Amino acid sequence: MSTPTAPPITYEVTAGVATVTLARPDAMNSLTLATKVALRDALHAAAADSAVRCVVVTGSGRSFCVGQDLKEHVAGMSGDDSLGTHDTVAEHYNPIATAIATMPKPVIAAVNGIAAGAGSSIAFACDFRVLARSAGFNTAFAAIAFSCDTGASWTLPRLVGHARATDLLMRPRTISADESLTLGLATSVVDDDELVDAVAALAAELAQGPTLAYGAIKRALAFSATHDLPASLEHEGQKMALTGASADHVTAVEAFLAKEKPVYQGR
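Residues numbered from 1 in each chain as written. Predicted model: local features only at pLDDT ≥ 70, side-chain atom pairs only at ≥ 80, totals over all residues. Heavy atoms only, no water.

Moving on, we come to the state of the cysteines. Simply put, the disulfide is a covalent bond whose two ends are the sulfur atoms of two cysteines. Taken as a whole and judged by the stated rule, the model has zero disulfides. Cys126 forms no disulfide, and the closest cysteine sulfur to it belongs to Cys54, at a distance of 10 Å. Owing to a relative accessible area of 5%, Cys126 belongs among the buried residues under this scheme. Of all cysteine sulfurs in the structure, the one in Cys65 sits closest to Cys148, which takes part in no disulfide; the separation is 16 Å. (Disulfide = S-S within 2.5 Å. Buried < 20%, exposed > 50% of the residue type's maximum accessible area, 1.4 Å probe, protein only.)

Structural data, given as C-alpha cells:
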C-alpha cells in the first residue's frame with residue numbers, strides 16, 4: 001500500500017489573513033511541478049476571495065524557499081517533459097510573480113530562512129519582507145549559468161537600484177538579514193523566535209485596513225514605474241476617484257470628524 005503524499009503547500013485563512021506555507025522542509029522548500037502549481041493556484045484563490053484581505057507567504061522548516069528543485073530540473077533536461085520544466089517559466093514562475101504583484105491586497109513574505117533563486121524572487125515580489133535574523137537572500141541564478149526569473153529583473157532594481165541589482169544577479173552571494181535591511185531588500189528584521197508574532201501583528205493590521213485603497217496604491221506604484229509623470233498623474237486621478245467612492249473612505253472621513261478609530265470593511 002502506498003503512503004499518501006503530503007501536500008506541497010498548506011493554505012489557511014484566519015481573520016482575513018491567508019497564509020500560504022511551502023511545505024517541503026526536507027527539500028528546503030524547493031519548487032517541484034506540484035509545488036509551483038499549488039502555489040500559483042493558492043495565490044489565485046487568495047486574490048479571488050473577498051474574505052481575504054492580506055496574504056502571507058512563508059516556508060516550513062529552516063528555509064523559505066531555495067528555488068527550482070534541481071533534481072526535477074535535471075530529469076526534465078534528460079527529456080522527461082512530463083515534469084513541465086521546459087515551459088515552467090511561462091506556465092508557473094511568471095504567473096506566480098504576476099499573482100503576487102497584482103494581488104489587490106497586501107502580500108507579506110515571512111522569510112524564515114534562506115531564500116534563493118526563485119525563492120528570493122518570490123519574496124522580492126511581495127509588498128513586505130519580514131526576515132528572521134538567521135535568514136538571507138541569494139539570487140543564485142548565475143551560479144548555475146541561468147539568467148533570472150519570477151520577476152527578479154523587474155523587482156530587484158526597484159528595491160536596490162540598477163547597479164546593485166546587476167551585482168547581486170551577476171555575482172550571487174548570500175545576503176544576511178541585517179545587510180538585506182540596509183540594502184532595502186527587507187522591510188524589517190526580527191529575532192528568529194519573534195518572526196511568527198511580528199508577521200501576525202503586521203498581517204492583522206493590514207487585514208483590518210482599507211483593502212481597496214491598498215490595492216489601488218499597488219496599481220499606482222506599478223503603473224508609475226513604466227509611465228511618465230503626466231500619465232501617472234492621470235492614473236492617480238482614476239484611483240483617487242475609485243477609492244473616493246468607496247465605503248471605507250466614507251467610514252474613514254466620518255471617523256476622523258468624530259475623533260474615532262475607523263472600522264474598515266475592505267470595500
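Here we take up the nonpolar core. Judged by nonpolar contacts, the single largest core of 58 residues is most densely connected at Val55, Phe64, Ile108, Val111 and Leu185. Examining the composition of this core, we find that six residues originate from one element, helix H8 (residues 195–207), more than from any other. (Core = buried A, V, L, I, M, F, W, Y, C linked by side-chain atoms within 4.5 Å. Helix = DSSP H or I, 4+ residues; strand = E, 2+ residues; numbered from the N terminus.)

Attention now moves to the pairing of strand E2 (residues 17–22). Buried residues dominate E2, accounting for five of its six residues. By the bridge criterion, six bridges tie strand E1 (residues 9–14) to E2 in an arrangement that is antiparallel. In the strand pairing of E2, Ile9 is matched with Leu22. Hairpin connection, E1 to E2: the antiparallel pair is bridged by two residues, and Ala15 has positive phi, about 50 degrees. Handedness of the crossover joining E2 and strand E3 (residues 54–59) through helix H1 (residues 33–48): right-handed. (Pairing = 2+ DSSP bridges. Right-handed = clockwise from strand over helix to strand, strands pointing away.)

For the rest of this paragraph, the subject is the sheet that holds E2. Pairing is mixed across the open sheet formed by six strands, whose spatial order is E1-E2-E3-E5-E7-E10. Whereas interior strands pair on both sides, the edge strands pair on one side only; in this sheet they are E1 and strand E10 (188–190). Neighbour to neighbour, the strand axes of the sheet diverge by 20 degrees on average, direction disregarded. (Axes fitted to C-alpha atoms, helices over the stretch in contact; angles between N-to-C directions.)

Position of Lys218 among the secondary structure elements: in helix H9 (residues 211–224). Note: C-alpha distance between Lys218 and Ile96 (122 residues apart in sequence) is 16 Å. If we ignore the near neighbours within four places in the chain, the residues touching Lys218 are Ile100, Ala101, Met103, Lys105, Val107 and Asp127. Engagement of the side chain of Lys218 in a polar contact is seen with the backbone oxygen of Met103, the distance being 3.0 Å. (Contact = heavy atoms within 4.5 Å. Polar contact = N/O pair within 3.5 Å; in protein donor to acceptor, adjacent residues only side chain to side chain.)

In this section: H1. Helix length check: H1, at 16 residues, gives a terminal C-alpha distance of 23 Å against a target of 22 Å (1.5 Å per residue), a fit within 8%. Burial in H1 covers these residues: Thr35, Lys36, Leu39, Arg40, Ala42, Leu43 and Ala46. Take H1 and look down its axis: the buried residues cluster within an arc of 160 degrees, on one side only. (Expected span 1.5 Å × (residues − 1). Arc of directions from axis to C-beta.)

What follows covers the sheet that holds strand E4 (residues 63–65). Sheet architecture is open: four strands sit in the order E4-E6-E8-E9, paired in mixed fashion. Every other strand in the sheet has two partners, leaving E4 and strand E9 (175–176) as the edge strands with one partner each. By the bridge criterion, three bridges tie strand E6 (residues 114–116) to strand E8 (residues 136–138) in an arrangement that is parallel. By the bridge assignment for E8, Ile114 is matched with Gly136. Each of E4, E6 and E8 touches helix H4 (residues 118–125); the most contacted strand, E6, lies at about 100 degrees to it.

It is worth spelling out the pattern of salt bridges at this point. Enumeration over the complete set of coordinates arrives at seven salt bridges. Measuring nitrogen to oxygen at the nearest pair gives 3.4 Å for the salt bridge that ties Asp69 to Arg24. A residue pair is termed long-range when its members are at least 10 positions apart, and Asp69 in the loop between E4 and helix H2 (70–77) and Arg24 in the loop between E2 and H1 qualify at 45 residues. The class for Asp69 is buried, based on a relative accessible area of 10%. Judged by its relative accessible area of 22%, Arg24 is partly exposed. Between Asp191 and Arg133 there is a salt bridge, with the nearest N and O atoms lying 2.8 Å from each other. Remark: Arg133 occurs in the loop between strand E7 (128–132) and E8 and Asp191 occurs in the loop between E10 and H8; sequence separation between them is 58 residues. Given the relative accessible area of 33%, Asp191 is considered partly exposed. Residues joined in a network through salt bridges with shared partners are Arg133, Asp178 and Asp191. (Salt bridge = Lys/Arg side-chain N within 4 Å of Asp/Glu carboxyl O.)

Turning next to the packing of H9 against helix H10 (residues 229–244). Across the interface, H9 lies against H10 with an axial gap of 10 Å and an inter-helix angle of 170 degrees. With respect to H10, the element H9 is oriented roughly antiparallel. Along the contact surface, H9 presents Leu212, Ala213, Ala216, Arg219, Ala220, Phe223 and Ser224, while H10 presents Ala231, Ser232, His235, Lys239, Leu242 and Thr243. Of the residues in the contact of H9 with H10, the class split is seven nonpolar, four polar and two charged. (Parallel < 35°, antiparallel > 145°, perpendicular 65-115°, else oblique. Nonpolar A, V, L, I, M, F, W, Y, C, P; charged D, E, K, R; others polar.)

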